[in-house]
Amino acid sequence: MKKLLALILTVAMLCTLGVSALAVNEDVTGEVMIYTSMYQFVIDMMDEALKKEFPNLTPGNEGSFFFYGGTGSLQTKLAGEMETGTLGCDMMLVAEPAYSLELKEGGWLEPIEVADADKILRFDYDKDGYWYPVRVCNMVLAYNPELYKAEELPQSFYDFANDPAMKGVISMGNPLTSGTTMAAVAALSDKYGYDYFTALGNNDVMIESGSTALAKLQTGECKEIMILEESVLKIRKEEGSKIACIYPTDGNIMIPSTVMTVAEDRSANMNIEACEAITNWLLTEEAQKLILEGYMHSVFAGMKEVPFDSIDTDGLIETDMGVDWERCYQDRDEIRTEFQERVTVTK
């Protein structure tokens, strides 16, 4: 009996040590608030993981580390906070690097060191450490194979806008409010000029949310839409939808979403140590697998897994149209104005 009791105590002690070992960042304390435009279900996964990884860190938003907002609403919120000289967050996970360039130039960011960034990342990052990619969205075309054959539809972004047979039956997001759509139209106008926007307008493209566009694919009101791949993959897995992606022949548009840390003297909780720890954790294989579960591509070099029902990430990188992030930032107002005048006004 004594031997059995000793064995039980030993096992209990080992289990306790094992649980303690899992909390590798238990020395990270204080409070952290993160502004993000990630989907709520991804936020929920990240929240749960962060609470396990950082058990002594206090979430800054009523039990959550995250405050959610679309790109446009977050930028409006931040613009208001900038007037006070202090932001309401410590970190940001935003849609694309152009906004990171703006915040870096404005002196709002703190550089963070990520060990071996060149080795662990397969996407560009700020060499001074002001921003790193965390997840990758992919802009594609989509259609309903139950109603139309893929070969009957445009296979490129160019034809999506220019094929007269698509007049009035195409849809896309709004670059005035969506950071990923803004990145896409910047890339397309860089490749084809602002005449691309005119073609979209002449083809009566509908400007609406991804959920509305997907619903119109289901009913046949739309034949083809420009949308993030993750939105299609999500409904394929969770709803059993047959809607499928077309990976454009003139190049898909990969959009790395960035993590940034607010400059310590301008942040909500002045907790750079915690921000650095979270940034490094986001770039681990463990965290990147959560990105895959969120139907987005991993930034992790060597990650062979892809989101549900997607295709090889490295292959997508090879066919990526590319976005000039500096132009996307510096010419943002011009691009938006040209789009609004040629697409939402010119019909």
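Structural data are supplied above this passage.
All figures in this text were calculated on a predicted structure; none of them were measured in a lab. Counting from 1, residues in each chain are numbered in the order their sequence is written. Confidence filtering applies because this is a predicted model: local features only for residues at pLDDT of at least 70, side-chain atom pairs given and counted only at 80 or more, and all residues used for totals across whole chains, interfaces and linings. Side-chain measures were taken over the full set of non-hydrogen atoms in the model, leaving aside hydrogen atoms and water.

Quick notes on the packing of helix α2 (residues 40–53) against helix α11 (residues 272–282)
Packing of α2 against α11 leaves a shortest axis separation of 12 Å and a crossing angle of 120°. Taken together, the axis directions place α2 and α11 in an arrangement best described as oblique. Crossing of α2 against α11: the hand is right-handed. Mapping the contact onto sequence places Met46, Ala49, Leu50 and Glu53 in α2 and Ile278, Trp281 and Leu282 in α11. Polarity classes work like this: nonpolar for Ala, Val, Leu, Ile, Met, Phe, Trp, Tyr, Cys and Pro, charged for Asp, Glu, Lys and Arg, and polar for all others, with Gly in that last group. Of the residues in the contact of α2 with α11, the class split is six nonpolar, no polar and one charged. All axes here are fitted lines through C-alpha atoms, helices being fitted over the stretch that makes contact, and every angle between N-to-C directions spans 0 to 180 degrees. Each helix corresponds to a stretch of at least 4 residues labelled H or I by DSSP, and each strand to a stretch of at least 2 residues labelled E; elements are numbered beginning at the N terminus. For this classification, under 35 degrees means roughly parallel, over 145 means roughly antiparallel, 65 to 115 means roughly perpendicular, and everything else is oblique. Each crossing is labelled by how the near helix is turned from the far one, with a counterclockwise turn of less than a right angle marking it left-handed and a clockwise turn marking it right-handed. Only heavy atoms enter the contact rule, under which two residues are in contact if any of them lie within 4.5 Å.

Description of the environment of Glu273
Mapped onto the secondary structure, Glu273 falls in helix α11. Placed 161 residues apart in sequence, Glu273 and Ile112 show a C-alpha to C-alpha distance of 9.5 Å.

Looking at the nonpolar core
Counting 102 residues, the largest nonpolar core has Met92 and Ile253 as the members making the most contacts within it. Excluding its chain neighbours within four sequence positions, the residues that come into contact with Met92 are Ile34, Tyr35, Leu78, Leu87, Leu103, Leu109, Thr258, Val259, Met260 and Val262. To form a nonpolar core, buried Ala, Val, Leu, Ile, Met, Phe, Trp, Tyr and Cys residues must be joined to one another through side-chain atoms within 4.5 Å. Three exposure classes are used, based on accessible area relative to the maximum for each residue type with a 1.4 Å probe and protein chains only: buried under 20%, partly exposed in between, and exposed over 50%. Grouped together as the second largest cluster of nonpolar side chains are 13 residues, Leu217, Ile225, Ile227 and Ile243 included.

Side note on the environment of Val32
Relative to the helices and strands, Val32 resides in strand β1 (residues 30–32). Val32 sits 26 residues away from Thr58 along the chain, and the two C-alpha atoms are 6.5 Å apart. Beyond its immediate stretch of four places on either side in the chain, Val32 contacts Leu57, Thr58, Pro59, Gly60, Phe65, Asp90, Met91, Asn269, Asn271, Ala274 and Ile278.

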